[in-house]
Amino acid sequence: LLPALLLVLAACGRPGPPVAPERVSPQPATDLSAVVVDGGIELAWTLPTRRADNVRLRDLVRLHVFRTEDDGAGEPKPALVVDGRIAGYAEVAAIRVGDPAPAIVSRGRMTYVDRASLTPGRRSTYVVLAEDARGHVSPPSARLPVTLIAVPLPPTGVRATPGDRQVRVEWRPPTRLADGSPVEGSFVYHILRSSGPDEPGDIVTSTASDATSFVDRGVENERPYVYAVRASRTARGTVARSGVSERVSATPVDTTPPPPPTELVAIPSEGVVRLVWVGTPDPDVARYIVYRGRGGATLERVGSTPAPGTTFTDRDVPAGRWRYAVSAQDTSSRANESARSAEVTVTVP
């Protein structure tokens, strides 16, 4: 009995078989992309959320960015992991996930701008490694070659003209690149929109080549919007993006009047005319305006009724023959007024 008990106790403390590092390492970062910006190369990639065996990755702690530079001839240098590093590449950043600054993490993607000793015209090839809390390192990301080309200057003369549920944005294209060289090729423009001057803005659209205007129809009336434009060019397989233009603001306004009221009826009595009509179906009608005129004279405003009311009593009306009409006015800042209803004529005793 005693030997059997000792055997059971020994088995309880025996460690399990070791797990191969390649099975528990984080999966590689994906979707590595780059754009040349003023003073550097902006990299972005999707953070891994799984390990190699597809188990959820909960302890990602660091991203390592490696770079090698060459003259751009032939294929970039292979990315081989040796002792947690990329052989033949220099590490330019080790970014902690919990405290990534100056990198930024948003919606599962990390963005980092490399500004370290870059040489214009040279090709930089980037690779990213992911590391967990136990020191397991992922396979390398896909290699990303980037040539440091000149960025455009920002567009100028930006204007934003409001309309009814739309804003038209116009600009002038850059005439030089940031390094002073002349413009070569065409530009694509990114239109940024925000609700305030201190917000960075989201990209509303990317235009076709060499466009100089865009109509934003994804807006609401009576709300202010702030716009900016930036230019991008592509050369030697690399995209270069300008800084943001000056910001301009616009507030779309309702310029469409409501339809006029219908079926106006006037009921006269001594010194009083009671009016009744059918209101307009538009939900933004603020009030109805009543007009009166004698004989062939011009109709003049004599009062109004807040919507949804559709009656009005005109008092102290002198005896005689009178014409009436009613219009609808909306709630917009322009207070658009409809055409007038069909006139009715009554005789006040």
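The rules behind each value
- Residues numbered from 1 in each chain as written.
- Predicted model: local features only at pLDDT ≥ 70, side-chain atom pairs only at ≥ 80, totals over all residues.
- Heavy atoms only, no water.
- Phe/Tyr/Trp six-rings, centres within 6.5 Å; stacked < 30°, edge-to-face > 60°.
- Lys NZ or Arg CZ within 6 Å of the ring centre and 35° of its normal.
- Pairing = 2+ DSSP bridges.
- Helix = DSSP H or I, 4+ residues; strand = E, 2+ residues; numbered from the N terminus.
- 1 Å grid on protein atoms, 1.4 Å probe; cavity = no way out; pocket = protein on both sides within 12 Å on 5 of 7 lines; lining within 4 Å.
- Points joined across faces, edges and corners; volume = space filled by probe spheres on them.
- Nonpolar A, V, L, I, M, F, W, Y, C, P; charged D, E, K, R; others polar.
- Axes fitted to C-alpha atoms, helices over the stretch in contact; angles between N-to-C directions.

For the rest of this paragraph, the subject is the packing of aromatic side chains. Applying the stated criterion across every chain, the model contains 3 aromatic pairs. Through a chain of ring-to-ring contacts, three or more aromatic side chains come together here, namely Trp171, Phe187 and Tyr189. The ring of Trp322 has Arg292 sitting right over it, with the charged end atom 4.8 Å from the ring centre. The lysine or arginine in question, Arg340, covers the ring of Tyr291, its NZ or CZ lying 3.9 Å from the ring centre.

Judged from the 5 bridges that link them, strand S11 (residues 156-162) and strand S12 (residues 167-172) form a sheet pairing that is antiparallel. Looking at S12, one finds that Ala160 is bridged to Val169. Counting the residues in the hairpin turn of S11 and S12 gives 4 residues, including Arg165, whose phi is positive at 60 degrees.

Quantified by volume, the largest pocket comes out at close to 840 Å³. Around the largest pocket sit 26 residues that line it, and Glu42, Ile104, Thr111, Arg230 and Arg241 are the ones nearest its centre. Contributing elements (two or more residues each) for the lining of the largest pocket: strand S1 (30-37), strand S2 (40-46), strand S7 (104-106), strand S8 (109-114), strand S14 (202-206) and strand S17 (238-241). Of the residues forming the lining of the largest pocket, the biggest block, 4 residues, is contributed by S8. Within the lining of the largest pocket, the residues separate by chemical class into 14 nonpolar, 4 polar and 8 charged. In this structure, the second largest pocket encloses a volume near 250 Å³. Considering the residues around the second largest pocket, the lining is formed by 15 residues, among which Pro120, Leu148, Ile149, Ala150 and Val151 are closest to the centre. For the lining of the second largest pocket, a count of residues per class yields 9 nonpolar, 3 polar and 3 charged.

A sheet is described by the order of its strands in space; here 4 strands give the open sequence S22-S21-S24-S25, paired in antiparallel fashion. A strand with exactly one partner marks an edge of an open sheet, and here the two such strands are strand S22 (300-306) and strand S25 (344-348). Each neighbouring strand pair of the sheet contributes to a mean axis angle of 30 degrees, computed without reference to strand direction. Pairing analysis gives 6 bridges linking strand S21 (residues 285-294) to S22, with the strands arranged antiparallel. Note that in S22 the partner of Val290 across the bridge is Gly303.

Distances and angles like these do not, on their own, reveal function.
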